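Overview (structure and organization)
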Amino acid sequence: MVSIKTVAVIGGSGNLGHFIVQELVSAGFDVTGLTRASSTNSTPKYPDGLNIVNVDYSSFDSLKSAFAGQDAVVSVIGSLGIASQTVAVDAAVAAGVKRFIPSEFGINTRKVARDSPIAKIIGGKIAVVDYLQEKASANPSFTWTGISTGIFFDWALRAGALLSGINLKDKTATVVDSGNEKWQASLRSDIGKAVVGVLKHPDETANKYIGTATFNVSINDLISLVEELTGSKLAVTKESSDDIQKAGEEKLAQGDFSAFINFLRVHNSKDGAGNALSNEDSANGIIGLQSGDLREVVTAWLKESGAL
Ligand SMILES: NC(=O)c1ccc[n+]([C@@H]2O[C@H](COP(=O)([O-])OP(=O)(O)OC[C@H]3O[C@@H](n4cnc5c(N)ncnc54)[C@H](OP(=O)(O)O)[C@@H]3O)[C@@H](O)[C@H]2O)c1
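So, here is what we can say about the structure in this document. A quick note: this is a predicted structure, and the numbers were derived from the prediction, not measured.

Description of the overall build of the protein
- In terms of regular secondary structure, the protein is built from twelve helices and 13 strands.
- For the protein, the C-alpha radius of gyration of 20 Å lies close to 19 Å, the compact-globule estimate for 308 residues.
- When its C-alpha atoms are laid out on the principal axes, the protein stretches across 55 × 40 × 40 Å.
- Among the 308 residues that make up the protein, the fraction classed as buried is 49%.
- The long-range fraction of contacts in the protein, counting pairs at least 24 apart against all pairs at least 6 apart in sequence, stands at 78%.

This is the structure in C-alpha cells:
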C-alpha cells in the first residue's frame with residue numbers, strides 16, 4: 001500500500017494550479033510549489049507561507065534536487081511548458097518519486113486519433129503520457145495518473161462566448177449543430193479535489209488515465225437555465241460543426257494554433273461526438289468526487305456578472 005504525503009507542484013501558481021495547491025494544502029498534504037526563477041507570473045500566486053523552490057525546467061539536476069523527498073509530483077504547467085515535462089519525468093524517477101500526474105486536465109488525450117488535426121496541437125501531451133507509460137514499465141516503484149477533466153467550466157463561463165457559447169452582455173448564444181450534445185465540464189476547485197482524491201487512492205489510480213467531471217452539460221441546457229433564471233431570452237445563432245472544423249484546418253495550415261478552439265468546439269459539441277464523461281469512464285466514485293449542481297453554479301455566475 002503506497003502512501004503519499006509530500007507533493008511538489010509544477011506550475012501551481014497558474015490558472016488551474018492555484019486551485020490544486022489550495023485543495024492539497026486543505027487536505028493536509030505537505031506541499032512545495034515550484035516556479036521558474038525567470039517567472040513573471042504575478043497573479044494568481046502561491047499562497048503565503050507555502051514552501052517555494054525556484055527551478056529550471058530544462059535542467060535534470062535542478063528538478064532532481066527539487067524532487068528529493070517528494071512522494072508525488074503534480075504538473076500543472078501551462079501549454080508552452082508541456083514538452084519540458086519529459087525532463088521532469090526523468091528527474092522524478094531518479095529522485096524516487098512514487099507518482100507523477102502530468103499536465104493533462106482537458107480532453108481525454110488517450111482517445112484522440114493520433115493522425116487527427118487536434119493531435120497536431122496536443123501532440124506534446126500525448127507524447128508525455130506515452131513517456132510516462134514507458135518509464136513506469138521500466139521502474140515499477142514509479143507510477144503515473146493522467147486526469148481528463150473536460151472544460152474548466154467556471155473559467156469558460158467567465159472567459160466569454162467563444163468558450164461558453166453565451167454572451168450575457170449582448171444576450172446572445174452560439175449553438176453548434178443541434179446544441180443537444182453534452183460535454184464534460186469541471187470546476188477548477190473540483191479538479192483540485194480530484195487530484196487530492198487520486199493521491200489519497202494511489203493504488204486504485206496507479207498507471208491509469210482517469211476521467212472526472214463536475215457534470216456533463218450541453219449549450220441548450222445552459223441556454224434554458226440562463227433564460228429561466230434571468231427571465232430574458234437569448235438570441236441564438238447556429239453554426240455547423242463541419243464549418244468550424246474546416247475553418248480550424250485552414251488556420252492550422254497557416255500555423256495558427258488558435259485552431260485548437262475550433263477543434264475543441266467540434267470535439268465537445270458536434271452532434272454525436274460522444275465526448276461527455278460516461279459513467280463507465282468516470283473515476284468520481286474512486287476518488288470520492290460528488291457531482292455538482294449546474295443551477296447553483298450558473299446562478300452564482302449570473303449574480304457575479306450582474307445579470308441577477
Ligand atoms: N480544460 C480546460 O478548459 C483548460 C483550460 C486552460 C488550460 N488547460 C490545461 O490545464 C493545464 C494548466 O493550464 P493553466 O492555464 O493553468 O496554465 P498557466 O496558468 O498558463 O500556467 C501555469 C504555470 O506554468 C508556468 N509556465 C507558464 N509558461 C511556462 C513556460 N513556457 N515554461 C515553463 N513554465 C511555464 C507558470 O509558472 P511559473 O511562472 O510560476 O513558473 C504558470 O503559472 C494545461 O495542461 C492546459 O492545457 C485546460
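Structural notes on the packing of helix 4 (residues 117-138) against helix 9 (residues 241-253)
- At their nearest, the axes of helix 4 and helix 9 sit 9 Å apart, and the two run at 55° to each other. In terms of axis orientation, helix 4 runs oblique to helix 9. Across the interface between the two elements, Pro117, Lys120 and Ile121 of helix 4 pack against Gln245, Glu249 and Leu252 of helix 9.
- Within the contact of helix 4 with helix 9, the residues separate by chemical class into three nonpolar, one polar and two charged.

Things to note about the environment of Val7
- Within the secondary structure, Val7 sits in strand 1 (residues 6-10).
- Between the C-alpha atom of Val7 and that of Leu24, which follows or precedes it by 17 residues, the distance is 8.3 Å.
- Leave out the neighbours within four places in its chain, and Val7 touches Leu24, Phe29, Asp30, Val31, Thr32, Gln70, Ala72, Val74 and Leu199.

Description of the side chain of Ser186
- With respect to the element layout, Ser186 can be found in strand 10 (residues 183-186).
- With relative accessibility at 1%, the residue Ser186 sits in the buried group.

Some words on the environment of Ala91
- Among the secondary structure elements, Ala91 is positioned in helix 3 (residues 85-95).
- Relative accessible area serves as the criterion here: at 0%, Ala91 is assigned to the buried category.
- With 31 residues separating them along the chain, Ala91 and Phe60 place their C-alpha atoms 5.5 Å apart.
- Ignoring anything within four residues of it in the chain, the contact list for Ala91 reads Phe60, Leu63, Lys64 and Phe67.

What counts and how
Residues numbered from 1 in each chain as written. Predicted model: local features only at pLDDT ≥ 70, side-chain atom pairs only at ≥ 80, totals over all residues. Heavy atoms only, no water. Helix = DSSP H or I, 4+ residues; strand = E, 2+ residues; numbered from the N terminus. Rg over C-alpha atoms; globule rule 2.2 N^0.38 Å. Buried < 20%, exposed > 50% of the residue type's maximum accessible area, 1.4 Å probe, protein only. Contact = heavy atoms within 4.5 Å. Axes fitted to C-alpha atoms, helices over the stretch in contact; angles between N-to-C directions. Parallel < 35°, antiparallel > 145°, perpendicular 65-115°, else oblique. Nonpolar A, V, L, I, M, F, W, Y, C, P; charged D, E, K, R; others polar.

In short, the description is geometric, and any link to function would need to be established separately.
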